[in-house]
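# Geometric and topological summary
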Amino acid sequence: MNADPGGTRTGDDVAREGTTAGPAPARRPGGMPVAKTPRPPTASDGRNRQRVAVVVPAKDEQERIAATVRSARAIPHVDLVLVVDDGSDDDTQHVARDAGAVVVRHSHNRGKAAAMETGAAVVAMRDADGRAPRLLLFIDGDLGDTAVNTAPLVRPVREGVADVAIALLPKQKGAGGRGIVVGAARRSIHRLTGWSPTQPLSGMRCLTREAFDAATPLARGWGVETGMTIDLLRAGYVAVEVPCDLRHRPSSNDLAGQLHRAGQYRDVMAAVGARQVRRVADKVGRIGRSGIRR
Ligand SMILES: O=c1ccn([C@@H]2O[C@H](COP(=O)(O)OP(=O)(O)O)[C@@H](O)[C@H]2O)c(=O)[nH]1
Ligand SMILES: O=C(O)[C@@H](COP(=O)(O)O)O[C@H]1O[C@H](CO)[C@@H](O)[C@H](O)[C@H]1O
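Here's what I pulled together on the structure shown here. (Residues numbered from 1 in each chain as written. Chains lettered and ligands numbered in written order. Predicted model: local features only at pLDDT ≥ 70, side-chain atom pairs only at ≥ 80, totals over all residues. Heavy atoms only, no water.)

## What to know about the pattern of salt bridges
Enumeration according to the criterion identifies 16 salt bridges in this entry. For the salt bridge of Asp231 with Arg278, the shortest nitrogen-to-oxygen distance reads 3.5 Å. One end of the pair, Asp231, is in helix 7 (residues 224-234); the other, Arg278, is in helix 8 (residues 255-293), with 47 residues separating them in the sequence. In this structure Arg278 comes out as partly exposed when scored by relative accessible area, which is 42%. Within the structure, one salt-bridge network assembled from shared partners comprises Lys59, Asp60 and Asp89. (Salt bridge = Lys/Arg side-chain N within 4 Å of Asp/Glu carboxyl O. Helix = DSSP H or I, 4+ residues; strand = E, 2+ residues; numbered from the N terminus. Buried < 20%, exposed > 50% of the residue type's maximum accessible area, 1.4 Å probe, protein only.)

Shown next as structure tokens:
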């Protein structure tokens with residue numbers, strides 16, 4: 001297993017690099033990694049015209065979604081902001097539409113991962129024939145005016161340095177976490193891939209369509225980020241963590257915050273458990289196949 005726990009500078013914005021559980025990623029002469037996703041053909045004038053779709057899974061975000069959508073529309077190369085209203089009880093869908101988003105809605109709440117899958121499917125329907133599929137930039141609905149600060153996630157993916165770029169958030173005022181879920185997710189990712197991400201639960205991530213497809217079906221609910229990182233690295237995709245100056249609504253230490261963390265822990269462990277079982281099954285399958293050949 002290749003363990004390259006990062007530290008490599010891959011550009012001004014890129015802080016830490018995750019590599020694969022298999023062979024080390026290809027590198028350019030300067031030492032920068034090269035994404036596994038093939039580069040899309042450049043336009044006849046040689047310019048990179050690859051577009052980006054922002055996908056926002058949103059449940060009861062009417063207070064912040066308008067600011068988030070307006071801010072996301074200002075990210076360079078973004079030509080589609082899609083809000084997936086995940087069965088909100090409030091007016092999220094109308095507020096988002098009025099702010100300029102394309103909105104689709106789940107008739108009932110299906111969880112963040114399902115909203116992400118719906119969003120990616122709708123973007124695919126709107127990708128133009130004969131043009132490179134849009135990059136997918138997933139962001140949470142509660143970023144408000146800071147959503148535009150996810151822009152640095154686009155560059156490493158658009159330039160072919162990484163297949164997925166994950167936001168590193170600054171410390172959030174009022175956050176009540178003790179690092180329990182974060183630590184469990186980080187250790188699990190490390191065990192299964194050799195990489196130890198700084199913020200394994202960070203939901204703000206830009207990735208290629210190919211990488212997204214390789215990571216589906218997504219792990220359910222709050223396990224989605226942990227499962228996605230494991231699946232991508234094990235399939236040979238390159239991940240980087242990029243500092244982004246974002247503010248979101250952090251969970252505090254109250255009962256709601258602790259219940260949220262309990263749900264996160266449950267979903268992260270379910271995602272990891274499924275991947276551990278898969279790894280064992282793959283190993284057994286490989287041993288079985290080599291036995292038959294002999
Ligand atoms: O069932 C759900 C729960 C949450 N979300 C959205 O997923 C994102 C992340 O949720 P939240 O901010 O509550 O979680 P955190 O990132 O603080 O753990 C937000 O845009 C939510 O509106 C969703 O689409 N469906
Ligand atoms: O709910 C929280 O406070 C933590 C999870 O709880 P722990 O800090 O692991 O006890 O998760 C949040 O904070 C992380 C950053 O530390 C973010 O990456 C997560 O998206 C956010 O849910």
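From this point, things continue past the structure.
## Structural notes on the site of ligand 1
Pro57, Lys59, Glu61, Asp86 and Gly141 are the nearest of the 16 residues found near ligand 1. Contact between ligand 1 and Glu61: an oxygen atom at 2.7 Å from a side-chain N or O atom of the residue. In this structure, an oxygen atom belonging to ligand 1 sits 2.8 Å away from a side-chain N or O atom of His260. With the chains in place, 85% of the 530 Å² that ligand 1 exposes on its own is no longer accessible. For the shell around ligand 1, the secondary structure elements donating two or more residues are strand 2 (52-58) and helix 8. Its residues assigned to classes, the shell around ligand 1 comprises three nonpolar, six polar and seven charged. (Near = heavy atom within 4 Å. Polar contact = N/O pair within 3.5 Å; in protein donor to acceptor, adjacent residues only side chain to side chain. Areas by Shrake-Rupley, 256 points an atom, 1.4 Å probe, with all protein chains shown as cover. Nonpolar A, V, L, I, M, F, W, Y, C, P; charged D, E, K, R; others polar.)

## Considering helix 5 (residues 180-193)
For helix 5, which comprises 14 residues, the first-to-last C-alpha distance of 20 Å matches the rise-based estimate of 20 Å (1.5 Å per residue) to within 8%. Taken residue by residue, helix 5 has Val181, Gly183, Ala184, Ala185, Ser188, Ile189, Leu192 and Thr193 as its buried positions. Downstream of helix 5 by one or two residues, Gly194 has phi in the positive range, about 90°. (Expected span 1.5 Å × (residues − 1).)

## Some words on the site of ligand 2
With respect to spatial proximity, the complete set of residues near ligand 2 consists of Gly177, Arg178, Gly179, Ile180, Val181, Val182, Leu201, Ser202, Ser251, Arg261 and Gln264. In the environment of ligand 2, an oxygen atom lies 3.1 Å from a nitrogen or oxygen atom belonging to the backbone of Arg178. Val181 is positioned with one of its backbone polar atoms (N or O) 2.7 Å from an oxygen atom of ligand 2. Only helix 5 and helix 8 provide two or more residues apiece to the shell around ligand 2. Residue composition of the shell around ligand 2, by class: four nonpolar, five polar and two charged.

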